[in-house]
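# Analysis of the macromolecular model
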Amino acid sequence: MGTVYAIANQKGGVGKTTTAVNTAACVAEAGYPTLLVDLDPQCNATVALGLPKDCDPTIYDCLLSEDGLTLEDVAREAPGIERLSIVPSTPDLAGAGVELPRMPGSEMRLRESLGSVRENYLFTLFDCPPSLGPLTVNALVAADRVIVPVQTEYFALEGLAGLLDTLSLIQRELNPRLTVGGMILTMHAGRTRLAQDVEREVREHFPELVFETVIPRNVRVSEAPSFGLPVTRHDPNCSGSLAYLRLAKEVAARG
């Protein structure tokens, strides 16, 4: 039975998509069937794996059509990466914030589209948009665990309390099995005092939740999406690749 993860943080620019894409690629390359679901209208995860923004069908069809499509119905193989499939996004998903709430049981749409995902994929990762709107709520309702990327800068700490409050609400009202699978420190400039202080504070407040692995600031990680590749394929030996390999092992070890 597979595990479904939501990669979520309402703050933008903290490395959600980068973490989702590279963790999914590393897990797949380790031999585990993996599904990445792009829930962001910006389509960054889709493009980062070499697919165009005008794919059809997309996650939009699973969430907003009445055809009963499952994620597997619209999933396609990620180019050049065995055992990794992706459900692409579309810019049309930007309207979901208005359309979804008008539908009955709107917060359950993604859970209902899971189909046999847990039977066929050992790991499923939802790349959530930078908000706590209907798309992220759908992901949290459908997920077993949430992984929270935290940028090691001051303002990244500001949003953690709000996110954890939202998680508690969803656990209480919609998805009691949801747990925090871990927090991953991203864009870490280890030589700066600020990054060191933020890391220390996060680890002190959430000692059992923060992954040991820290994702460093690395230009190879930033440029890999422009080649339509995860960083592990773009530059397997760079510090970013090695960090995401370690993170994938930690995620797999936590089950």
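Coordinates for the structure precede this section.
On to the side chain of Ser106. Locating Ser106 in the fold gives a position in the loop between α5 (96-99) and α6 (109-112). Residue Ser106 is classed as buried on the basis of its relative accessible area, which comes to 13%. Residues in contact with Ser106, not counting those within four places in the same chain, are Leu100, Pro101 and Asn138.

Attention now goes to the sheet that holds strand β8 (residues 210-216). Ordered by their spatial adjacency, eight strands build an open sheet running β3-β4-β2-β5-β1-β6-β7-β8, and the pairing between neighbours is mixed. Both edges of this open sheet fall to β3 (76-77) and β8, since each of them pairs with a single strand only. Note: strand β1 (residues 3-7) against strand β6 (residues 145-151), three bridges, orientation parallel. Counterpart to Ala6 in the pairing with β6 is Val146. Packing of helix α11 (residues 193-205) onto the sheet brings it into contact with β6, β7 (179-188) and β8, and relative to β7 it is tilted by some 170 degrees. Of the strands in this sheet, β1, β5 (123-127), β6, β7 and β8 are in contact with helix α14 (residues 239-254), which crosses β8 at around 160 degrees.

Definitions and limits used
- Residues numbered from 1 in each chain as written.
- Predicted model: local features only at pLDDT ≥ 70, side-chain atom pairs only at ≥ 80, totals over all residues.
- Heavy atoms only, no water.
- Helix = DSSP H or I, 4+ residues; strand = E, 2+ residues; numbered from the N terminus.
- Buried < 20%, exposed > 50% of the residue type's maximum accessible area, 1.4 Å probe, protein only.
- Contact = heavy atoms within 4.5 Å.
- Pairing = 2+ DSSP bridges.
- Axes fitted to C-alpha atoms, helices over the stretch in contact; angles between N-to-C directions.

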